[in-house]
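Examining the three-dimensional arrangement
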Amino acid sequence: MLLFGPNGQVGWELRRALAPLGELIALDRLGRDGLRGDLTDSDAIANAIRTLQPDVIVNAAAYTAVDQAESEPELARLVNATAPGVMAELAREQNALLIHYSTDYVFDGSGDQPWHEDDPTSPLNVYGQTKWEGEEAIRAVDGNHLIFRTAWVYAARGHNFIRTIIRLACERDTLKVVNDQHGAPTGAEFIADVTAHAVRTAVTCPELRGIYHLTAAGETTWYEYARFVVEQVRAAGMPVRVAPEAIEAVDTDAFPTAARRPNNSRLEGYKLETTFGLKRPDWRSGVARALEEMAIPQKQGRAD
Ligand code: NDP
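Below you will find a few notes about this structure. Since the structure is predicted, the reported quantities are computational estimates derived from the model, not experimental observations.

**So, the overall build of the protein**
Per the secondary structure count, the protein includes nine helices and twelve strands. Along the first, second and third principal axes, the C-alpha atoms of the protein reach 55 × 40 × 40 Å. Counting only contacts in the protein whose residues sit at least 6 apart along the sequence, the fraction spanning at least 24 positions is 78%. Only carbon and sulfur atoms are counted for the fraction: they give 47% of the accessible area of the protein, which is about 13,700 Å². Put simply, the protein has 31 plus and 43 minus side-chain charges, and the middle of one group is 5 Å from the middle of the other.

Written out as structure tokens, the structure reads:
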């Protein structure tokens, strides 16, 4: 197996989850042994795949700076669309399975129902547009592939909403958090474990190729999510200044950003569960577990 993007939230967890399935070679931008995993360099990606001839290619690398993408569309497109297209071509050439990740941002966020895999896409921002183009490039090649659309990813390691809220809750007495965007916080650990499970099935069942929605079960808003985080870390004895009641719910308009974001990021997980025989846990269980990992070492005064 060849893994691109091994140092991101999902990539890091994939190193653990994929390890029992076979030999795993992880290539980051800098690479190793003369092979590079820089997704802005299509020749380097093709060379790595042709040299290593993996049975499975897993692409956890992406241009994920949503606001910055508005001013760097060509770079975002190279990483999120061109490179996955090259991987798909090479995967078909090598008869390999390609695993790729996409996003709820391919949808426009309208309505209040969970999005199904075949609902019409209509990205609101450059990041979502380039991720959609990546999906289309892989689908056009039509080799053996799985594309997992996920949302609101967190991990004990990496930059994410949980870490930001804990930091702000320690620094401030009040917080304002957006309450009109809806989704399910999804752990990188869970994404990686589902991936490992699905890889085993998909390697021998190419008819399962396609797009799957992969999030935790249930739904929340960023505001409710922030309250949950603050309640949990306070209960664990972390010295946060903000009380849950001091968190104020605001609309998205309160925080102007370069990129527009969808209000409805709910993703329907039925297809994933029934195809691969899985059950998605409620988002709270994964977040509570990640908080244990993050908060308890701080409580005990250790460096994180
Ligand atoms: P991260 O931002 O944590 O990690 C992305 C990784 O991609 C980083 O390790 C980064 O490398 C790498 N990368 C960026 N540009 C390049 C490049 N030119 N060449 C090689 N590597 C590069 O992302 P996540 O783990 O959170 O996301 C995994 C997948 O899930 C992505 O496809 C993302 O689009 C999707 N997703 C994520 C969501 C989220 O909330 N985070 C929501 C929905 C979907 P480096 O460490 O060197 O910078």
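**Brief notes about helix 7 (residues 222-235)**
Compared with an ideal rise of 1.5 Å per residue, which puts 14 residues at 20 Å, helix 7 spans 20 Å between its outermost C-alpha atoms and is within 8% of the ideal. All of the buried residues along helix 7 are Trp222, Tyr223, Tyr225, Ala226, Phe228, Val229, Val230 and Val233. Once helix 7 ends, the next one or two residues include Gly237, with phi positive near 90 degrees.

**Side note on the site of the ligand**
The environment of the ligand is formed by 23 residues, the closest being Arg29, Leu39, Thr64, Tyr127 and Lys131. One of the backbone N or O atoms of Leu39 is found 2.9 Å from a nitrogen atom in the ligand. In the complex, the protein chains occlude 80% of the 910 Å² of accessible area that the ligand would expose alone. Of all the secondary structure elements, the ones that give two or more residues to the shell around the ligand are helix 1 (9-18), strand 4 (97-103) and helix 4 (126-141). Among the residues forming the shell around the ligand, the class breakdown is eleven nonpolar, nine polar and three charged.

**Looking at the side chain of Asn125**
Its place among the elements puts Asn125 in the loop between strand 4 and helix 4. Judged by relative accessible area, which is 4%, Asn125 ranks as buried. Polar contacts involving the side chain of Asn125 include one to the main-chain amide nitrogen of Tyr127, which spans 3.4 Å. Engagement of the side chain of Asn125 in a polar contact is seen with the backbone oxygen of Arg260, the distance being 2.7 Å.

**Thoughts on the nonpolar core**
Within the largest apolar cluster, 34 residues are counted, with the highest numbers of intra-cluster contacts made by Ile162, Ile165, Ile166, Val177, Tyr225, Val229 and Val287. Of all the secondary-structure elements, those providing two or more residues to this core are helix 5 (161-171), strand 7 (175-178), helix 7 and helix 9 (283-299). Broken down by element, the residue count for this core peaks at eight residues, all from helix 7. Ile165 has contacts with Leu175, Val177, Ala226, Val229 and Val230, leaving out every residue within four places of it along the chain. Judged by nonpolar contacts, the second largest core, of 33 residues, contains Met87, Ala96, Val126 and Tyr127.

**Some details on unusual backbone geometry**
Leaving glycine out, the prevailing phi sign among residues is negative, and the prevailing peptide bond configuration is trans. The phi angle at Gln53 is positive, at roughly 45 degrees, despite the residue not being glycine. Looking at the secondary structure, you find Gln53 in the loop between helix 2 (42-52) and strand 3 (56-59). A positive phi angle, near 60 degrees, is found at Asn95, a position not held by glycine. Following the sequence through the fold, Asn95 ends up in the loop between helix 3 (73-94) and strand 4. Residue Asn95 is classed as exposed on the basis of its relative accessible area of 71%.

Criteria and cut-off values
- Residues numbered from 1 in each chain as written.
- Predicted model: local features only at pLDDT ≥ 70, side-chain atom pairs only at ≥ 80, totals over all residues.
- Heavy atoms only, no water.
- Helix = DSSP H or I, 4+ residues; strand = E, 2+ residues; numbered from the N terminus.
- Contact = heavy atoms within 4.5 Å.
- Areas by Shrake-Rupley, 256 points an atom, 1.4 Å probe, with all protein chains shown as cover.
- Lys, Arg positive; Asp, Glu negative; His and termini not counted.
- Charge placed at Lys NZ, Arg CZ, Asp CG, Glu CD.
- Expected span 1.5 Å × (residues − 1).
- Buried < 20%, exposed > 50% of the residue type's maximum accessible area, 1.4 Å probe, protein only.
- Near = heavy atom within 4 Å.
- Polar contact = N/O pair within 3.5 Å; in protein donor to acceptor, adjacent residues only side chain to side chain.
- Nonpolar A, V, L, I, M, F, W, Y, C, P; charged D, E, K, R; others polar.
- Core = buried A, V, L, I, M, F, W, Y, C linked by side-chain atoms within 4.5 Å.

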